Each structure stands twice: as C-alpha cells, then as structure tokens.
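Now for the letters of each chain:
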Amino acid sequence: MDLQLQGKRCVVLGGSRGIGRAIALGLAAEGADVAVCARGADARGKGALNEVETALQAHGRRVHVRPCDLGEAASLADFLDGVRQAFGGVDVLVHNASALALGPSLADFEASLKLDVMAAARACDQVIPWMKAAGGGSIVLVASISGLEASPGPDFGYASAKAALIAYAKKLSIFHGPDRIRANAIAPGSVEFDGGLWDQVRRQDPPRYEAVRGSIPWGRMGTLQEIADVAVFLASPRAQWVTGACVPIDGGQHKGMR
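A brief look at the structure comes next. (Residues numbered from 1 in each chain as written. Predicted model: local features only at pLDDT ≥ 70, side-chain atom pairs only at ≥ 80, totals over all residues. Heavy atoms only, no water.)

1. Quick word on the overall build of the chain
Then comes step 1: Looking only at helices and strands, the chain features 8 helices and 7 strands.
Then comes step 2: Residue burial in the chain is summarised as follows: out of 258 residues, 50% are buried.
Then comes step 3: Taking contacts inside the chain between residues at least 6 apart in sequence as the whole, the part at least 24 apart equals 73%.
Then comes step 4: Carbon and sulfur atoms form 54% of the exposed surface of the chain, whose accessible area is close to 12000 Å².
Then comes step 5: The centroid of the 27 positive side-chain charges in the chain is displaced by 4 Å from the centroid of its 26 negative side-chain charges. (Helix = DSSP H or I, 4+ residues; strand = E, 2+ residues; numbered from the N terminus. Buried < 20%, exposed > 50% of the residue type's maximum accessible area, 1.4 Å probe, protein only. Contact = heavy atoms within 4.5 Å. Areas by Shrake-Rupley, 256 points an atom, 1.4 Å probe, with all protein chains shown as cover. Lys, Arg positive; Asp, Glu negative; His and termini not counted. Charge placed at Lys NZ, Arg CZ, Asp CG, Glu CD.)

Next comes the structure, spelled out in structure tokens:
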C-alpha cells in the first residue's frame, strides 16, 4: 500500500531512540522528509542523534536533526522554527517524548506533565497555524495503555500524563477538524528492544518481566516495528478518515473496553 507520504514534511519529537526512532525511519522509508530532535546533552545522546541522522539520510530525503530540550519552551520553539526554515512547513507532527517518570512523587508528576503533556501542547500550538495555512495536517501523540487502564504500579504522574494526551488528541480532532487537521493517539503496551525499559527489567528483575509477559495474550512483548507501522499509517493520508482515535498497540495486553 502506498501511504502517500512522499514529500510530506514530518517532525518526530523524541526521535533518537526506541519508538520515536522507529517512527522516524518508517516515515523516511515512505519517502517523507523527516526532522528529529532529542536531548543530546551527553555523549550517549549525541551518538544516538548522529546515528539516527545517518540512518535517515540513507533514504535520500531531506533530514533535519538537532538536539533540543523539549522541556524548555524556547528550545522547542527554536527547533520547530528551524524545521520550518529547512522544510518550508510541517505536514505531520509526532510527539513521542516522555520523562518516563514512573514513581509516585510530585516530582515525577511534574516531570511527566512538563515533558509528556506541555511539550506536546506547545508543539501543537506552534505548528497548527502552519498546517492550517497549508490546508491540513496530521498529529500523532504517543500515549500508553497506562493512560487507558490503571495498573498496580506507582506511576501516578506517567499514567495521568498519558491519559491527558489521549484526551488532548480527541479535543484537537474536534476543534481542528474544519481545518482538515487530524489528531490521533497511539497507546503502546509493553515493548521490548535493546537498552529499553523491558530489556532492563528482563535482565534485572526476571519475575516481574515474566509476570508482565504472561499477562499478554500473545505471550510476548511488542516490537518497535509493530508500534511504528501503526503510527506511520495514522500519520499518512491513507488514514484520512481516522481522527480523534486512540489506537492501542499491545497484543491485547490491556483489558479495558476502550
């Protein structure tokens, strides 16, 4: 299926590793121009940005990769302005950044709201006028099944932030439908990849890993490609009648009716 993304100008916030990186590469593979940012304050961060830039360039499209502290409004605004200068506009915005603050403290709550929610809101506020001027666009917010169904864990701020993203996508879809701007959320379940959270849990806490894996009807964790495939489709014009949705991508892991 041709997803009709050839030449589309796409931004992935938090795209140097994991799900964000997989989505960025999926968009590039469909012929899109792709801009990626992530924190690159240390050698590991810079290395990840350099690596994803090289991987994106292999697809032969325009690439714009910069370090950016998405929790800082000025840094985010500067990055997005740079994308507009480089590409001439934005057709697709994917917000994947997360503080991954999984504890119960107020500091965890604040970190999740700052990076997961407010960075998404600021980015949308900046690019939506550009999308309107261009005749439309697509927004994909990466939430989590933690925003759909409460787990026994202490991740109060993380779960609340992901639920907020799901509600925000719905609100955007209604308010900006007349502008031909679609907004959707995806809710990944437990995803395993090298260096990721569940890879660490598998090595450091095998009983917890097996308990979670056993709760998934398919009997395994998800893969990055499985998440990216859905996100890229939702971002594409082939999903033009899908807006305001939250799509779980979890192999049946969450048991709620939503």
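Structure shown, so let's carry the discussion forward.
2. A closer look at the pairing of strand β2 (residues 33–38)
Then comes step 1: Burial analysis of β2 places 6 of its 6 residues in the buried class, which makes it a mostly covered element.
Then comes step 2: Residue alternation in β2 divides its side chains into two sets, Asp33, Ala35 and Cys37 and Val34, Val36 and Ala38, and both sets are buried.
Then comes step 3: Relative to β2, strand β1 (residues 9–13) runs parallel, the two sharing 5 bridges. Across the sheet, residue cysteine 10 finds its bridge partner in β2, namely valine 34.
Then comes step 4: In the sheet, β2 pairs with strand β3 (residues 63–67) via 5 bridges, with the strands oriented parallel. By the bridge assignment, valine 36 is partnered in β3 with valine 65. (Pairing = 2+ DSSP bridges.)

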